[in-house]
Amino acid sequence: MKKKRKKQINCGGVPIGGDAPISIQSMTKTKTSDPKATLAQIDRLAEAGCDIARLAVPDMDAALAFEKIKAKSPLPLVADIHFDHRLAIAAIESGADKIRINPGNIGSEDKVLEVVEAAKRAGIPIRVGVNSGSLQKDILERDGGVSPAGLAESAMRNVSLLESMGFEDIVISLKSSNVRLNTEAYRLVHEQSDHPLHIGVTEAGTLARGKVKSAAGIGALLLDGIGDTMRVSLTADPVEEITFAKELLTALDMRSEGIEIISCPTCGRTRVDLEKIVAGVEEKLGPIRDEYATSGRKLKLAVMGCAVNGPGEARGADVGVACGEGKGVLFAGGEIVGSVEEAEIPDAIIGIIKEYERLT
Ligand code: SF4
C-alpha cells in the first residue's frame, strides 16, 4: 500500500501527519488529580523519548489539576475525556494541547458542538477515538457484531460530524484489542480519510504479550505506510511503552536513532555462550545506549555465533563480532580490527564503539 499523505496538525509544537516523523505517545497511569505524581511520570516519559503524553480526565478534580500539570510539563499534553463534555471544556481551558473524545459517548450533538467550539477558540486539535466496545447499535445489528467495516464507519461518522461543525483539526484512532480487526479497520479509514491516524493496539496486555500484539498490529500498519503517531499500550510502567515504540520504529528503519543489536539465535555450531555475551554487551552499553536514543544517532551492532553468517553480518554492521571456538573476531566499519577471548568480548565491543565514535 502506498503511503498516503495526510493533513498535518499540531499538538503543542509536535507535528502529526504530512511529512512529520511518527511521534510516540504514552499515557500517564497516576491519578491526574495528583499533579506531583503525574508530573514525575511525565518527566520520566520525556527522558525516555516520549513526544506527547495523554492524561485521563475522569472528574473535575482532574480537570482542575490539569492546569497545574500543564504549567510544568516538558511535553505537550492530551486530555482524555469520556461522557462529560464539561470536563472536555474545562481541560481545554486548562491548556490541553489536544483532547481525545469519542463523540458517540459525549451525548447530544449540542454538547459535541460546545466542545468543538472550545477547541476552535483554543486552536487545538481533537482526536476522535472510537472503540469496538461502544459501536452504534445500527452498525452492530447490520454487521452482526463488531467488524472492521463497522469500526471504520463509526469513526468516519464521528469525523463527518466534526467536519459538519466546521472543524478540520482532527486525528483519528480506532480501538480494538483484536490485532486483525484493528489492522483491517485502520486500512479502511486510511483509504477513506486525509486526517492523520493515531495507531495502536488497545489493551494489548502485559509486557511480553503486549509487545507481540503491538509489533504485529502496529508493525503491519507502519510497513504499509499507515500511521502518523503511535502508542504502544502495555500493562506495565509507561516508560516500557516508549522504549518498545522506539525499538519498533528502529527495527522498521523509521527512526534514525538508537542502537540496533543484531544477534543470532545460536545453534549446534555455536562454540561460545552467546546469550551471556549479548547480555554482557547490553549491560555495559548503559549510558551509551541512552546517548544514542536521545541524540538522533543510530548504531548497528552485530553479535554473531559462528563463521556461517557471522562475518557477513558483523562486516555489514557499524560494530560487530563473529565468534568462533571460545573467541571472537571484532569488526568496525566493515573491517576486522582484532580478536579477543570470549570473556573479553563485551568490554572489547564497548571499547570499539567508543573508538568508532571518535573516528566517525
Ligand atoms: Fe548458528 Fe552461526 Fe547462524 Fe549463529 S550465525 S545461528 S551460530 S549458524
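Just so it is clear, the model here is predicted, and its values are computed rather than measured. (Residues numbered from 1 in each chain as written. Predicted model: local features only at pLDDT ≥ 70, side-chain atom pairs only at ≥ 80, totals over all residues. Heavy atoms only, no water.)

(A) Here's a closer look at the packing of aromatic side chains. In this structure the tally under the stated criterion is 0 aromatic pairs. In this arrangement the basic side chain of Arg-297 is found over the ring face of Tyr-292, its NZ or CZ atom lying 4.4 Å from the centre. (Phe/Tyr/Trp six-rings, centres within 6.5 Å; stacked < 30°, edge-to-face > 60°. Lys NZ or Arg CZ within 6 Å of the ring centre and 35° of its normal.)

(B) Expanded view of the domain arrangement of the protein chain. Examined at the domain level, the protein chain breaks down into domain 1 (9-255) and domain 2 (259-359). Between domain 1 and domain 2, the C-alpha centre-to-centre distance is 38 Å. Across the contact, 5 residues belong to domain 1 and 4 residues belong to domain 2. Summed over both partners, the interface of domain 1 with domain 2 comes to about 340 Å²; 44% of that surface belongs to carbon and sulfur atoms. Scanning the region where domain 1 abuts domain 2 turns up 1 salt bridge. With its nearest N and O atoms 3.0 Å apart, the salt bridge here joins Asp-253 to Lys-298. Summed over the shared surface of domain 1 and domain 2, the result is 1 residue pair in polar contact (both at pLDDT 80 or more). Considering only residue class, the side of domain 1 that touches domain 2 consists of no nonpolar, 1 polar and 4 charged. (Domains from an automatic or database assignment. Contact = heavy atoms within 4.5 Å. Buried area = accessible area lost by both parts, 1.4 Å probe. Salt bridge = Lys/Arg side-chain N within 4 Å of Asp/Glu carboxyl O. Polar contact = N/O pair within 3.5 Å; in protein donor to acceptor, adjacent residues only side chain to side chain. Nonpolar A, V, L, I, M, F, W, Y, C, P; charged D, E, K, R; others polar.)

(C) Spatial organisation of the sheet that holds strand S12 (residues 298-304). On the basis of which strands lie adjacent, the open sheet formed by 5 strands has the order S11-S12-S13-S14-S15 and mixed pairing. Taken across any chain shown, the strands that pair with only one partner, and hence form the sheet edges, are strand S11 (258-263) and strand S15 (335-341). Between one strand axis and the next, the sheet turns through 20° on average, direction left out of account. Bridge count between strand S14 (residues 327-332) and S15: 6 bridges; the pairing is antiparallel. When the bridges of S15 are listed, Leu-330 appears paired with Gly-338. (Pairing = 2+ DSSP bridges. Helix = DSSP H or I, 4+ residues; strand = E, 2+ residues; numbered from the N terminus. Axes fitted to C-alpha atoms, helices over the stretch in contact; angles between N-to-C directions.)

(D) Representation of the pairing of S12. Of all 7 residues making up S12, 5 are buried, and the element is well covered by its neighbours. Across 6 bridges, S11 lies against S12 in parallel orientation. What sits directly across from Gly-258, in S12, is Lys-298. In this region the chain leaves S11, passes through helix H10 (residues 274-295) and returns to the parallel neighbour S12; the handedness of that crossover is left-handed. Pairing of S12 with strand S13 (residues 319-323), which is carried by 4 bridges, proceeds in the parallel orientation. When the bridges of S13 are listed, Val-303 appears paired with Val-321. (Buried < 20%, exposed > 50% of the residue type's maximum accessible area, 1.4 Å probe, protein only. Right-handed = clockwise from strand over helix to strand, strands pointing away.)

(E) Summary view of the nonpolar core. Counting residues in each nonpolar core, the largest one holds 71 residues, and the members touching the most others are Ile-81, Ile-99 and Met-230. Not counting the four nearest positions on each side in its chain, Ile-99 is found in contact with Val-78, Ala-79, Ile-81, Ala-88, Ile-92, Val-115, Ile-124, Pro-125, Ile-126 and Arg-127. By size, the runner-up hydrophobic cluster in this structure holds 25 residues, among which are Val-281, Leu-299, Ala-348 and Ile-349. (Core = buried A, V, L, I, M, F, W, Y, C linked by side-chain atoms within 4.5 Å.)

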